[in-house]
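Listed below, chain by chain, are the residues.
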Amino acid sequence: MYKTIDELANRWFKRRPDGLTQLESRVLQSTFERTTITRDTNKAVAFHQTFGDRLADTIARIGGSWSFILAFLAFLVLWTAGNVWLLSRDAFDPYPFIFLNLVLSMLAAIQAPVIMMAQNRQIERDRIDAAHDYEVNLKAEIEIMALHEKLDELRHSQILGMRDEIVRLAEQVQRIDERLSQQQPTS
């Protein structure tokens, strides 16, 4: 149908190839070569992860789970019950539990930035996924438009064929009519 990427760019984007983005060029190249454009973005992201990235994701995954919340709640109940029970015997952290507050503050101070790092990485993954979705959708749109053009061309050629057949049949009917009119005597 189209012989070059220049023709595709002019047809689908109404621009010259040097005016296309890298993504649009990649989509046109894929369309021209009739290759797929999909890829597993999770593998690409996982390939570039550092140890710190994996650690931040793991901490965020564990820290945001019901298992962690319930386990930490059990720890707090044990801590407070143990210190209230031990209160009469020189408790390690007597009531207002100042040491416990210090531990909780340190945990929050460490956990919050780690969770934010994981969220930032998730946002970056979402951006990569959105760009890939756009790329796939763009290619699908181009392929659909190309199919519409092919169907239009096929329908047009069929209409021309039917027109030619109608003309041929009309000529045959006219010849038959002329023969019949010649065979009948005129009165």
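Chains are numbered independently. Their residues run from 1 in the order of the written sequence. Under the rules for a predicted model, residues below a pLDDT of 70 receive no local features and side-chain atom pairs below 80 are neither given nor counted, while totals for whole chains, interfaces and linings still include all residues. In computing side-chain properties, one takes all heavy atoms of the structure into account and sets aside hydrogens as well as water.

### A look at the nonpolar core
Then comes step 1: Buried residues of nine kinds, namely Ala, Val, Leu, Ile, Met, Phe, Trp, Tyr and Cys, make up a nonpolar core once their side-chain atoms join them within 4.5 Å. When accessible area is computed with a 1.4 Å probe and restricted to protein chains, residues below 20% of their type maximum are described as buried, those above 50% as exposed, and intermediate ones as partly exposed. Core analysis: the largest hydrophobic core is formed by 12 residues, namely Leu8, Ala9, Trp12, Phe13, Leu20, Leu23, Val27, Leu28, Ile37, Leu138, Ile142 and Ala146.
Then comes step 2: Numbering of helices and strands runs from the N terminus; a helix is a DSSP stretch of H or I covering at least four residues, while a strand is a stretch of E covering at least two. Every element with two or more residues in this core is listed here: helix H1 (5-13), helix H2 (22-33) and helix H6 (98-183).
Then comes step 3: Considering each element in turn, this core owes the most residues, 4 residues, to H1.
Then comes step 4: Note on contacts: a residue pair is in contact if any heavy atoms of the two residues lie within 4.5 Å. Non-local contacts of Ile37, meaning those with residues more than four positions away in its chain, are made with Arg26, Val27, Ser30, His132, Glu135, Val136 and Lys139.

### Things to note about the pattern of salt bridges
A side chain of one charge can pair with a side chain of the opposite charge when the charged atoms of the two come close.
Then comes step 1: In what follows, salt bridge is the name for a side-chain nitrogen of Lys or Arg lying within 4 Å of a carboxyl oxygen of Asp or Glu. Counted under the stated rule, the structure contains 11 salt bridges.
Then comes step 2: Note that Asp18 and Arg16 form a salt bridge whose closest N and O atoms lie 2.8 Å from each other.
Then comes step 3: Overall, the relative accessible area of 58% leaves Asp18 in the exposed class.
Then comes step 4: Arg34 is the salt-bridge partner of Glu143, the closest N and O atoms lying 3.7 Å from each other. With Glu143 in helix H6 and Arg34 in the loop between H2 and helix H3 (41-47), this pair connects stretches of sequence that are 109 residues apart.
Then comes step 5: Since its relative accessible area comes to 22%, Glu143 is described here as partly exposed.
Then comes step 6: For Arg34, a relative accessible area of 57% puts it in the exposed group.
Then comes step 7: Within the structure, one salt-bridge network assembled from shared partners comprises Asp53, Asp57, Arg121 and Arg125.

### Focus on a nonpolar patch on the surface
Then comes step 1: Nonpolar side chains collect at one region of the surface, where Trp66, Ile69, Leu70, Leu73 and Val77 lie side by side and expose about 550 Å² of accessible area between them.
Then comes step 2: Tracing the sequence through the fold places Trp66 in helix H5 (residues 66-85).
Then comes step 3: Judged by its relative accessible area of 66%, Trp66 is exposed. The patch calculation keeps residues exceeding 30% relative accessible area without a salt bridge and links them within 9 Å when they carry like charges or within 5 Å when they are nonpolar (Val, Leu, Ile, Met, Phe, Trp, Tyr). Note on areas: Shrake-Rupley, 1.4 Å probe, and residue coverage restricted to the protein chains presented here.

### Let's talk about the packing of H2 against H6
Then comes step 1: Note on geometry: axes are lines fitted to C-alpha atoms, helical ones only across the stretch in contact, with angles between N-to-C directions running from 0 to 180 degrees. One way to put it is that H2 packs onto H6 with a least axis distance of 10 Å and a crossing angle of 45 degrees. Classified by the angle between their axes, H2 and H6 sit oblique to one another. When you trace H2 past H6, the crossing you get is right-handed. Facing H2, whose interface residues are Leu23, Glu24, Arg26, Val27, Leu28, Ser30 and Thr31, H6 presents Ala131, Tyr134, Glu135, Leu138, Lys139, Ile142 and Glu143.
Then comes step 2: Ten residues, namely Ala, Val, Leu, Ile, Met, Phe, Trp, Tyr, Cys and Pro, are considered nonpolar, four, namely Asp, Glu, Lys and Arg, are considered charged, and the remaining ones, Gly among them, are considered polar. Within the contact of H2 with H6, the residues separate by chemical class into 7 nonpolar, 2 polar and 5 charged. Angles below 35 degrees are treated as roughly parallel, those above 145 as roughly antiparallel, those between 65 and 115 as roughly perpendicular, and all remaining angles as oblique. Throughout, a crossing is termed right-handed when the near helix is turned clockwise from the far one, and left-handed when it is turned anticlockwise from it by less than a right angle.

### Notes on the packing of aromatic side chains
Then comes step 1: For Phe, Tyr and Trp, rings pair up if their centres lie within 6.5 Å, where Trp contributes its six-membered ring, and each pair is then called stacked (planes under 30 degrees apart), edge-to-face (over 60) or tilted (otherwise). One pass over the structure, following the stated rule, counts 7 aromatic pairs.
Then comes step 2: Ring geometry for Phe68 versus Phe72: centroids 5.6 Å apart, planes at 20 degrees, classification stacked. Remark: Phe72 and Phe68 occur in helix H5; sequence separation between them is 4 residues, near one turn of the helix.
Then comes step 3: By relative accessible area, Phe68 is classed as partly exposed at 24%.

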